[in-house]
Amino acid sequence: MTGAMTAQNSNDDDHYHKMTASTTRSFAPHVPKWQRFQTSVALASMKTSEASTNTIYQRQYSHVYANRLNELKKRFSQTRSNVRHCERILDLVEDEPSYVVGTLVKESGTNDVVDDNSKCRPDDVLVLEDESGRVYLQTERVQEYCTGVVVAVQGIVKEGGRMYVDEFDHPSPHLSVPNNESSIENPAQQDPHILLLSALECGDPETSMIQRDMLLAYLQGYLTSTASKVSRILIAGGSIYEGEVEGAKQLDAFLVQVCSSGIPVDILPGNKDPTTANWPQRPLHSSLLPQADVYGSKLLAKTPNPYASLIGNKYILGTDGRNTEDLLQFVRSPSGGELTELEALQSTLDWCHMCPTGPDSVPTMPHAESDPMIIANQPNLYFSGNCTKFDTKMASETRLVCVPKFSKTGEAVLVNMNSLS
């Protein structure tokens, strides 16, 4: 078996070089970093044994929040003066300025929701919890947070046991993944770009195939010579319309044409694609893409959702957008209005967690050892797929990108991997 796999990998390399030989295309080294989303729990959930699957899902989710808190607690500054640094909520003392880290829980009120697109209510309450206890928070910023966010709170506990909040603090991100030091000559003499794409919706009777044909014509160089700067394509979910068989066939045919042009593709599943529902989602199965899968992992990488990789010397992190879509229901902007998709994406970066509403709202695997959705390292590029419109900004050292639905907008996003512009 090992020999056969080695031979297959060798053939993949030969095929990759043969496909790219006729076109001088920009190149950037690619190192998968999505292994942390393929945990032992996720792999075990795919076993056919009913007993093993039931054992996994009989676990409680309290350890998920405990692991999240224990990991992110290390990222808060302990250098604040004139406040009491409490290791546990149980250590809070009345009438003494204190600083404590915990996990937020938003308790839903009884009034009507603020609007039809939101689950926020005017009388919602924030509670801070850890393994030792909980304390109710008195703050005007209730709607800026959701259940599952790890924060530090500075304030004073007054009579009645309620903590009056002066300030919220967020965890500091670790430094970005170390750069890839390998020096690879770029024969195209131009900066490599990646193309971000989402919501192809192959098989949707209301989606025109003309847009996909135009995209293929661009990628194959029929419309402009600048297409050679595309060194890799990332497809961020929403590829197969409602899991239709015809949609899978159309996606397979599309990927065959892209791969035959020598352009590597990373494809991650989305909320409605035929794969596991719980995050992290398993990669699309090879049987869905029998023709494109022939090109091998060098040209077609089927990845989990969320996604992570090192492309060139840039760390890329992203999702199909379900995390930001879900967050929009539970969080409002500081002004009280609806959060934009870009603001939701930035919030997950600020909180160092890709999906804080899981498992409370987004179904997730019951990981016992760690929380894989923690943003362990600050990404250089952080994207969210299946957005209503394109949006982007630089947040510190990170380029945030909302990738629009291609089936609705006909738009894809090109990102320069040297300048992140």
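In short, a report on the structure. Model, not experiment: these values are computed from the prediction.

What counts and what doesn't
Residues numbered from 1 in each chain as written. Predicted model: local features only at pLDDT ≥ 70, side-chain atom pairs only at ≥ 80, totals over all residues. Heavy atoms only, no water. Helix = DSSP H or I, 4+ residues; strand = E, 2+ residues; numbered from the N terminus. Buried < 20%, exposed > 50% of the residue type's maximum accessible area, 1.4 Å probe, protein only. Contact = heavy atoms within 4.5 Å. Areas by Shrake-Rupley, 256 points an atom, 1.4 Å probe, with all protein chains shown as cover. Axes fitted to C-alpha atoms, helices over the stretch in contact; angles between N-to-C directions. Parallel < 35°, antiparallel > 145°, perpendicular 65-115°, else oblique. Left-handed = near helix turned anticlockwise from the far one by under 90°. Phe/Tyr/Trp six-rings, centres within 6.5 Å; stacked < 30°, edge-to-face > 60°. Pairing = 2+ DSSP bridges. Core = buried A, V, L, I, M, F, W, Y, C linked by side-chain atoms within 4.5 Å.

**Here we look at the overall build of the protein chain**
Argument step 1. Counting its regular elements, the protein chain contains 9 helices and 17 strands.
Argument step 2. Across the 421 residues in the protein chain, those meeting the buried criterion constitute 52%.
Argument step 3. Restricting to contacts in the protein chain with at least 6 residues of sequence separation, those with at least 24 account for 70%.
Argument step 4. Approximately 19,100 Å² of the protein chain is accessible, and the part contributed by carbon and sulfur atoms is 48%.

**Details of helix 8 (residues 341–350)**
Argument step 1. Within helix 8, 8 of the 10 residues are buried, which leaves it mostly tucked inside the rest of the structure.
Argument step 2. At its buried positions, helix 8 is contacted by helix 7 (322–327), strand 14 (381–387), strand 15 (391–395) and strand 16 (398–404).
Argument step 3. Cys 352 sits one or two positions beyond helix 8 and adopts a positive phi of about 60°.

**Considerations on the side chain of Thr 103**
Argument step 1. Here Thr 103 is to be found in strand 3 (residues 98–107).
Argument step 2. Assessed through its relative accessible area of 7%, Thr 103 is described here as buried.
Argument step 3. Once residues within four sequence positions are removed from consideration, Thr 103 is found in contact with Tyr 65, Leu 69, Val 127, Leu 128, Glu 129, Gly 148, Val 149 and Val 150.

**Remarks on the packing of helix 5 (residues 210–219) against helix 6 (residues 245–260)**
Argument step 1. At a minimum axis distance of 10 Å, the contact between helix 5 and helix 6 shows a crossing angle of 15°. Comparing the axis directions of helix 5 and helix 6 gives the class roughly parallel. Note on packing geometry: the crossing formed by helix 5 with helix 6 is right-handed. Counting all contacts with helix 5, which are made through Arg 212, Leu 215, Leu 216 and Leu 219, the residues of helix 6 involved are Gln 250, Phe 254, Gln 257 and Val 258.

**As for the environment of Leu 288**
Argument step 1. With respect to the helices and strands, the residue Leu 288 is situated in the loop between strand 10 (265–268) and strand 11 (300–302).
Argument step 2. Using a relative accessible area of 21% as the deciding quantity, one classes Leu 288 as partly exposed.
Argument step 3. Residues Leu 288 and Pro 274, 14 residues apart in the sequence, show an inter-C-alpha distance of 8.8 Å.
Argument step 4. Sequence-distant contacts of Leu 288, that is, excluding residues within four places in its chain, are made with Ala 248, Asp 252 and Pro 274.

**Brief notes about the packing of aromatic side chains**
Argument step 1. In the structure shown here, the tally under the stated rule is 4 aromatic pairs.
Argument step 2. Between Trp 34 and Tyr 307, the ring centres sit 5.6 Å apart and the planes meet at 35°, which makes this aromatic pair tilted. Of this pair, Trp 34 sits in the loop between strand 1 (30–32) and helix 2 (40–44) while Tyr 307 is found in strand 12 (residues 307–311), placing the two residues 273 residues apart along the sequence.
Argument step 3. Residue classification places Tyr 307 among the buried residues on the basis of a relative accessible area of 0%.
Argument step 4. Judged by centre distance (4.8 Å) and plane angle (40°), the ring pair of Tyr 145 and Phe 168 falls under tilted. You can see Tyr 145 sitting in the loop between strand 5 (133–138) and strand 6 (150–157) and its partner Phe 168 sitting in strand 7 (residues 163–169), a full 23 residues away along the chain. Take Tyr 145 and Phe 168: they sit in the same class, and that class is buried.
Argument step 5. By way of ring pairs, the aromatic residues Trp 34, Tyr 307 and Phe 383 are connected into one cluster.

**Digging into the sheet that holds strand 9 (residues 230–236)**
Argument step 1. Across the sheet, which stays open at both edges, the 5 strands sit in the order 11-10-9-8-17 with mixed pairing between neighbours. Of all strands in the sheet, those with a lone pairing partner are strand 11 and strand 17 (413–416), marking the two edges. Each strand of the sheet is rotated relative to its neighbour by a mean of 20°, with strand direction disregarded.
Argument step 2. Across 4 bridges, the pairing between strand 9 and strand 10 is parallel. Bridge pairing in strand 10 links Ala 236 to Leu 268.

**Digging into the pairing of strand 5**
Argument step 1. With 4 bridges joining them, strand 4 (residues 125–130) and strand 5 adopt antiparallel strand pairing. What sits directly across from Leu 128, in strand 5, is Val 135.
Argument step 2. Hairpin connection between strand 4 and strand 5: a loop of 2 residues separates the two successive antiparallel strands.
Argument step 3. Relative to strand 7, strand 5 is paired through 2 bridges, and the arrangement is parallel. Among the inter-strand pairings, Leu 137 is bridged to a residue of strand 7, identified as Met 163.

**Digging into the nonpolar core**
A general trend in soluble globular proteins is that nonpolar side chains are found buried together.
Argument step 1. Residues Leu 196 and Phe 383 are the most contacted members of the largest nonpolar core, which totals 38 residues.
Argument step 2. At the level of elements, strand 8 (193–197), strand 9, strand 12, strand 13 (314–319), helix 8, strand 14, strand 16 and strand 17 are the ones that each hand at least two residues to this core.
Argument step 3. When residues no more than four places from it in sequence are discounted, the contact partners of Phe 383 are Leu 196, Leu 234, Ala 236, Leu 268, Tyr 307, Ile 316, Leu 317, Gly 318, Thr 319, Leu 345, Val 401 and Val 403.

**Focus on the environment of Leu 400**
Argument step 1. Within the secondary structure layout, Leu 400 lies in strand 16.
Argument step 2. Sequence spacing of Leu 400 and Gly 318 is 82 residues, and the spatial spacing of their C-alpha atoms is 9.6 Å.
Argument step 3. Leave out the neighbours within four places in its chain, and Leu 400 touches Leu 342, Leu 345, Gln 346, Leu 349, Tyr 382, Asp 391, Thr 392, Lys 393 and Ala 395.

**Digging into the sheet that holds strand 16**
Argument step 1. Reading across the sheet, the 6 strands line up as 1-12-13-14-16-15 and stay open at both edges, with mixed pairing between neighbours. On the outer flanks of this sheet lie strand 1 and strand 15, each paired with one strand and no other. Here the strands of the sheet are splayed against their neighbours by 20° on average, with no regard to which way each runs.
Argument step 2. In this sheet, strand 16 lies alongside strand 15 in antiparallel orientation, the contact comprising 5 bridges. Looking across to strand 16, one finds that Asp 391 is bridged to Cys 402.
Argument step 3. Most of the contacts of helix 8 go to strand 16, to which it runs at about 140°, and overall it touches strand 14, strand 15 and strand 16.

So far we have only geometry, and geometry alone does not tell us how the molecule works.
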